[in-house]
Amino acid sequence: MKKLIIIFLVFFIACGPSEEEIQSLIDEAVEQATSTTTSSSTTSTSTTTSTSTTSTSTSTTTTTTIAPVASKTIFLNCPEISEMTEGSKFKSGFQTTFGDNPKKITISYKFNNLDTEYTVLDASDFPNWGKGIRYEQYIFDTTLTNTYFYYKMVITVEDELGSHSSVCKTGGDIENMSPGVKLTNCPTEILQGETLGVTVKIYATTDDVLYYNWTLLTGALVDKNLTVSDAETVPQVNFWVEDGITWPVQVRDDEYNISTILEVYDTQGRVTKVACGTRATK
């Protein structure tokens, strides 16, 4: 066996490559090794990092408190004093927009110094009754048969927030009002020699009428004067002299510009004056 190995080595050395060839093989092997290392170093490694994100959802509840709404009332017509004379068309009413939980409406009204009248409405009087519902009603829609000097209507609505009142008032202080006087006949022209008749109606408001006084002026001069305190012709409180009062005066031939003045006094000394101007011609 040893002999064979020796023979092989001798053969390899004798027939093998030269030193240059051997060196060339070594260099080639080194170059290949270097090339393999470089290739390995340029190999990129991809690393995937997994990130876990936790999302937390927060639910927020917002509560809005709506304040209760009060009922509101407006007057469809709060009459002027000029609308309160005999023969006038008298119209007065109201409109209410209900607030929360309406309960009832109280209507009160009063003429002159007469008793106050009341009307109460609740859910049984309405086809619709609730918040936001609008209700309107004319309490009066008529032609007056008397003249009035004071009128008051109050609308009170009760709901969840309490009572809310609206007031319509025409005229002065009914507790301190002078007598009412209405001039019903005042001729603007008359012939000299004829009889002038000025007619008025007198109303006792808060106190009895004590007396009234007529004065006839011709130009600026007092021509005639008449004072009346007859119980049959002076009214008591809250009453009219319904038929009127006439003062007949004959106009003389030399009278041209005539003024008839009436002063009405009550038991408290309060006075109301009215005047009628007439021109006398031939």
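Predicted model, so just to flag it, every value in this text is computed and none were measured. (Residues numbered from 1 in each chain as written. Predicted model: local features only at pLDDT ≥ 70, side-chain atom pairs only at ≥ 80, totals over all residues. Heavy atoms only, no water.)

(A) Seen up close, the sheet that holds strand β1 (residues 72–77). Pairing in this open sheet of three strands is antiparallel, and the strands run β1-β2-β5 from one edge to the other. Of all the strands in the sheet, just β1 and β5 (134–143) have a single pairing partner and so form its edges. Strand-to-strand twist of the sheet, defined as the mean angle between neighbouring strand axes without regard to direction, takes the value 15°. (Pairing = 2+ DSSP bridges. Helix = DSSP H or I, 4+ residues; strand = E, 2+ residues; numbered from the N terminus. Axes fitted to C-alpha atoms, helices over the stretch in contact; angles between N-to-C directions.)

(B) Spatial organisation of the environment of D253. Within the secondary structure, D253 is located in the loop between β13 (245–250) and β14 (257–266). The exposure class assigned to D253 is exposed, which follows from its relative accessible area of 54%. What D253 contacts, discounting residues up to four positions off in sequence, is Q192 and G193. (Buried < 20%, exposed > 50% of the residue type's maximum accessible area, 1.4 Å probe, protein only. Contact = heavy atoms within 4.5 Å.)

(C) Quick peek at the pattern of salt bridges. This structure, assessed with the given rule, holds 12 salt bridges. We note a salt bridge from E86 to K182, for which the minimum N-O separation is 3.6 Å. Separated by 96 residues along the polypeptide, E86 in the loop between β1 and β2 (89–97) and K182 in strand β8 (residues 180–185) bring together distant segments of the chain. Judged by its relative accessible area of 32%, E86 is partly exposed. (Salt bridge = Lys/Arg side-chain N within 4 Å of Asp/Glu carboxyl O.)

(D) Fine view of the pairing of strand β11 (residues 209–218). By the criterion of burial, β11 is predominantly enclosed, with eight of the 10 residues buried. Strand direction decides the pairing type here: β11 and β14, joined by nine bridges, are antiparallel. Considered in β14, the bridge of T215 is made with I261.

Just geometry here; none of it tells us what the structure is for.
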